[in-house]
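Observations on the model geometry
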Amino acid sequence: MTPWPEARTSHASCAFEDIMYVHGGSTLNDQSSADTLWQLDLRSLAWHKLPQKDNVGLPKGLYGHTITWFMGDLYLFGGTTGFDYFRHFVKYSLVSKEW
């Protein structure tokens, strides 16, 4: 059985072709924020947690942000930690697995 993300709200997600990506959000069990990035294969419905080698410039516990796929990379903008609001614009390379 494949692992899947913990239930969450206020996360960012996007899809391209047969793959959907989900990042961050507030978890429902303890109302903390998730820093994980997940990939869902929409054909097989298999989840994969993507590695994040470097989170430089990316605040911990981000939710309420946006993410989009463009030209083979993911781009994340904005969000909050509940205390601070951000206008960060960062790229995640799906090749190198780095922000």
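Residues numbered from 1 in each chain as written. Predicted model: local features only at pLDDT ≥ 70, side-chain atom pairs only at ≥ 80, totals over all residues. Heavy atoms only, no water.

Check the secondary structure of the chain and you find 0 helices and 9 strands. Beginning at the N terminus, the succession of helices and strands in the chain can be written as β-β-β-β-β-β-β-β-β. Residues classed as buried in the chain amount to 39% of the 99 residues present. Residue pairs in contact within the chain that sit at least 24 positions apart in sequence constitute 39% of those at least 6 positions apart. Approximately 6,000 Å² of the chain is accessible, and the part contributed by carbon and sulfur atoms is 55%. (Helix = DSSP H or I, 4+ residues; strand = E, 2+ residues; numbered from the N terminus. Buried < 20%, exposed > 50% of the residue type's maximum accessible area, 1.4 Å probe, protein only. Contact = heavy atoms within 4.5 Å. Areas by Shrake-Rupley, 256 points an atom, 1.4 Å probe, with all protein chains shown as cover.)

At Leu45, a residue that is not glycine, the phi angle is positive and equals roughly 60 degrees. Here Leu45 lies in the loop between β5 (37–41) and β6 (46–50).

Our focus in this paragraph is the environment of Leu42. Relative to the assigned elements, Leu42 resides in the loop between β5 and β6. On the basis of relative accessibility, which here comes to 37%, the residue Leu42 falls in the partly exposed class. C-alpha separation for the pair Leu42 and Asp18, spaced 24 residues apart in sequence, amounts to 5.1 Å. Apart from residues no more than four positions distant in its own chain, Leu42 is found in contact with Glu17, Asp18, Ile19 and Met20.

A separate point is the packing of aromatic side chains. Applying the stated criterion across every chain yields a total of 5 aromatic pairs. Residues Tyr75 and Phe89 carry aromatic rings whose centres are separated by 5.7 Å and whose planes lie at 20 degrees to one another, so their mutual orientation is stacked. Of this pair, Tyr75 sits in strand β8 (residues 73–77) while Phe89 sits in strand β9 (residues 89–93), and the two are 14 residues apart along the sequence. Classification of Phe89 by relative accessible area gives exposed; the value is 58%. The rings of Phe70, Tyr75 and Phe89 are connected pair by pair, giving a single aromatic cluster. (Phe/Tyr/Trp six-rings, centres within 6.5 Å; stacked < 30°, edge-to-face > 60°.)

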